[in-house]
Amino acid sequence: MPRALKLGLLTVLALGALGTLAQAELTREGDLIVSFQGGIAPNHLPRTGGAPVTVRVAGNIKTTNGLRLPQLRKIAVAINRAGRLDDKGLPTCKISTIQPATEEVAKKRCADAIVGDGHVTLVVRLPSQADYISRNNLLAFNGPRKNGNKLILAQVYSKNPPGAIILTFTVKKNKGTYGNVIETSLPSYAENWAYLTSFEMNLGRTYKYRGETHSYVSAACAAPAGFPGAVFPFGKATYEFGTGQSMTTKITRSCRVSGE
Amino acid sequence: MPVLGALAAIVVLVVPLASAAELTRDEYVARVEPICKTNVEANEKIFKGAKEEVKAGELKKGSTHFFRAATALNKTIKQLQGVPQPGADAAKLSKWIGYLKSESSFFTRIGKALAAGDKYKAQNLSVKLNRNSNLANNTVLVFGFDYCKIDSSRFA
């Protein structure tokens, strides 16, 4: 595990909020390289309160010299605590409703519970077949609660060969800078063949509940008084592999204060 | 003839010394990581209280942290430049040192902007500093640095 402190420096001008810049942070350990990208849109936000945003988290896994990828078993993405998730009054969807189902069927059955989308790329390894790459769409649904935690059900649907994996993300609140944690594990039924190489998930929607507009994700740009914006720790991703290896990478983003 | 013999002996001696001075990538990492560690530890002290001062609007006071960080980083850069580099990585490391120099320059410029009360400039420079940190880290990804990797979230 890399240490928390580095040649570290940077700006004290940032005080927790969210923003975007299209940069990825890479981490390398031995032959394995992982990246984490993400941010929010829009990144012009009010200084206080919160405004509706879409949060994007994405990552890649690759090896140097074309070596065989280890299997990614767990992803934990921790996002700055200034982001807020609100699902009050938002319909939920059960796994049994969207599995088994095609992307279109899942969309129809749980249309009111959709909270995001994205893409997942896998290397499929099946016995007595050559490995091949499967590029799949991801649909994220507001799930029920489990042990008091919110769930996000991500259907990863492949058209060829047809089939789906459901990634169940647990949403947890932690202490510290990265207070919003979403984590998922590869389902056991996919462990024999699915080797994830990249993922992207965009979360965000607005909806009406009892006459009021709610946003599934909202954020503010909490820059110090007089500053036009802030640079802040956006999030960190931790990847755990079947080999026991674990790698963490963090990203910093910026936001601008709107309406002043 | 004795002179030639002596020259030959010097050449024989010098050549092995020259190759011994060139480090492998792993040796280079082992030499520079302690240098960076010292900088990391110094910065922990340097930036203590900076966030609170900026938040409280004490910008002039806040600026001093950045000037001190620039001085500390310049010292670190000089030490890093003194470490022999693996020949194959010279271009990469030279680029990295360039980014570290920019890092130091950004500190000074942010410090000046804060001292002048120019919050817009300080904010813009901090965004550029963050980009520069990422570029620096990506340049030396192959080294698998720990302390020599800039962790911009540490003080953000």
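Structure: see above.
Residues numbered from 1 in each chain as written. Chains lettered and ligands numbered in written order. Predicted model: local features only at pLDDT ≥ 70, side-chain atom pairs only at ≥ 80, totals over all residues. Heavy atoms only, no water.

Quick notes on the sheet that holds strand S4 (residues 51–52) of chain A
Taken together, the three strands give an open sheet; going across it, the order is S4-S16-S7 (chain A), and neighbouring strands pair in antiparallel fashion. Single-partner strands in this sheet number two, and they are S4 and strand S7 (84–85) of chain A. (Pairing = 2+ DSSP bridges. Helix = DSSP H or I, 4+ residues; strand = E, 2+ residues; numbered from the N terminus.)

Considering the pairing of strand S14 (residues 206–209) of chain A
All names here are of chain A. Direction of pairing for S14 relative to strand S15 (residues 212–215): antiparallel, over a ladder of four bridges. Its bridge partner being in S15, lysine 208 is matched across the sheet by threonine 213. Joining the antiparallel neighbours S14 and S15 is a turn of two residues, in which arginine 210 adopts a positive phi near 50 degrees.

Structural notes on the nonpolar core
Counting 93 residues, the largest nonpolar core has Ile61, Ile152, Phe234 and Tyr239 of chain A together with Tyr28, Trp96 and Phe145 of chain B as the members making the most contacts within it. The greatest single-element share of this core, amounting to ten residues, is contributed by helix H5 (residues 90–115) of chain B. Setting aside residues up to four positions removed in sequence, isoleucine 152 of chain A forms contacts with Val115, Ala140, Phe141, Gly143, Leu167, Thr168, Phe169, Val171, Ile182, Leu203 and Tyr216 of chain A. (Core = buried A, V, L, I, M, F, W, Y, C linked by side-chain atoms within 4.5 Å. Buried < 20%, exposed > 50% of the residue type's maximum accessible area, 1.4 Å probe, protein only. Contact = heavy atoms within 4.5 Å.)

Comments concerning the state of the cysteines
Residue and element names in this part refer to chain A. Within the structure shown, the criterion is met by three disulfides over all chains. Cysteine 221 shares a disulfide with cysteine 255; S-S distance 2.1 Å. Judged by the sign of its S-S torsion, about 80 degrees, the bond between cysteine 221 and cysteine 255 is right-handed. Taken together, the positions of cysteine 221 in the loop between strand S16 (217–219) and strand S17 (229–241) and cysteine 255 in strand S18 (residues 246–257) put the pair 34 residues apart, joining distant regions of the chain. For the pair formed by cysteine 221 and cysteine 255, the shared burial category is buried. (Disulfide = S-S within 2.5 Å.)

With respect to the side chain of threonine 184 of chain A
All names here are of chain A. Of note, threonine 184 is situated in strand S12 (residues 180–185). For threonine 184, the side chain forms a polar contact with the main-chain oxygen of threonine 168, separated by 2.9 Å. In contact with threonine 184, not counting residues within four places along its chain, are Arg73, Lys74, Ile75, Leu167, Thr168 and Phe169. (Polar contact = N/O pair within 3.5 Å; in protein donor to acceptor, adjacent residues only side chain to side chain.)

Concerning the pattern of salt bridges
Two side chains that carry opposite charge are able to pair once their charged atoms sit near each other. Under the definition given, this model contains eleven salt bridges over all chains. Residue lysine 149 of chain B is joined to glutamate 25 of chain A by a salt bridge in which the shortest nitrogen-to-oxygen separation is 3.9 Å. Of this pair, lysine 149 of chain B sits in the segment after helix H6 (119–139) while glutamate 25 of chain A is found in strand S1 (residues 25–29), placing the two residues in two different chains. Side by side, lysine 149 of chain B and glutamate 25 of chain A carry an identical accessibility label, which is buried. Note that aspartate 151 of chain B and lysine 250 of chain A form a salt bridge whose closest N and O atoms lie 3.2 Å from each other. With aspartate 151 of chain B in the segment after H6 and lysine 250 of chain A in strand S18, the pair connects residues from two separate chains. By relative accessible area, which is 8% here, aspartate 151 of chain B ends up buried. Here the salt bridges do not stand alone but share partners, grouping Arg68, Arg125 and Asp131 of chain A into one network. (Salt bridge = Lys/Arg side-chain N within 4 Å of Asp/Glu carboxyl O.)

Topic: unusual backbone geometry
All names here are of chain A. Of the consecutive residues alanine 41 and proline 42, the connecting peptide bond is found in the cis state with omega at -5 degrees. Of note, proline 42 is situated in the loop between strand S2 (32–41) and strand S3 (44–45). The residue after glutamine 99, namely proline 100, is reached through a cis peptide bond having omega 5 degrees. In this structure, serine 128 is a non-glycine residue whose phi angle is positive, near 50 degrees. For serine 128, the location among the structural elements is in the loop between strand S8 (114–124) and strand S9 (132–146). We note that arginine 210 has phi near 50 degrees; this positive angle belongs to a residue other than glycine. Here arginine 210 is to be found in the loop between S14 and S15.

Side note on H5 of chain B
With 26 residues, H5 of chain B extends 37 Å between its outermost C-alpha atoms, agreeing within 8% with the 38 Å of an ideal straight helix rising 1.5 Å per residue. Phi turns positive one or two residues past the end of H5 of chain B, at glycine 117 of chain B, with a value near 75 degrees. (Expected span 1.5 Å × (residues − 1).)

Comments concerning empty space enclosed by the protein
Residue and element names in this part refer to chain A. Using the criterion set out here, one finds three cavities of 30 Å³ or more in the structure. Of the volumes computed, that of the largest cavity is approximately 90 Å³. Together, 13 residues line the largest cavity, and Leu72, Ile75, Leu167, Leu186 and Leu196 are the ones closest to its centre. Listed by contribution, the elements that provide at least two residues to the lining of the largest cavity are strand S6 (72–79), S8, strand S11 (163–173) and S12. Here the element with the most residues in the lining of the largest cavity is S6; it accounts for four residues. Of the residues belonging to the lining of the largest cavity, the class tally is nine nonpolar, two polar and two charged. In this structure, the second largest cavity spans a volume of roughly 40 Å³. The wall of the second largest cavity is formed by Ile75, Val120, Leu138, Leu167, Phe169, Leu196, Phe199 and Met201. Element by element, the count of residues in the lining of the second largest cavity is highest for strand S13 (residues 194–203), at three residues. (1 Å grid on protein atoms, 1.4 Å probe; cavity = no way out; pocket = protein on both sides within 12 Å on 5 of 7 lines; lining within 4 Å. Points joined across faces, edges and corners; volume = space filled by probe spheres on them. Nonpolar A, V, L, I, M, F, W, Y, C, P; charged D, E, K, R; others polar.)

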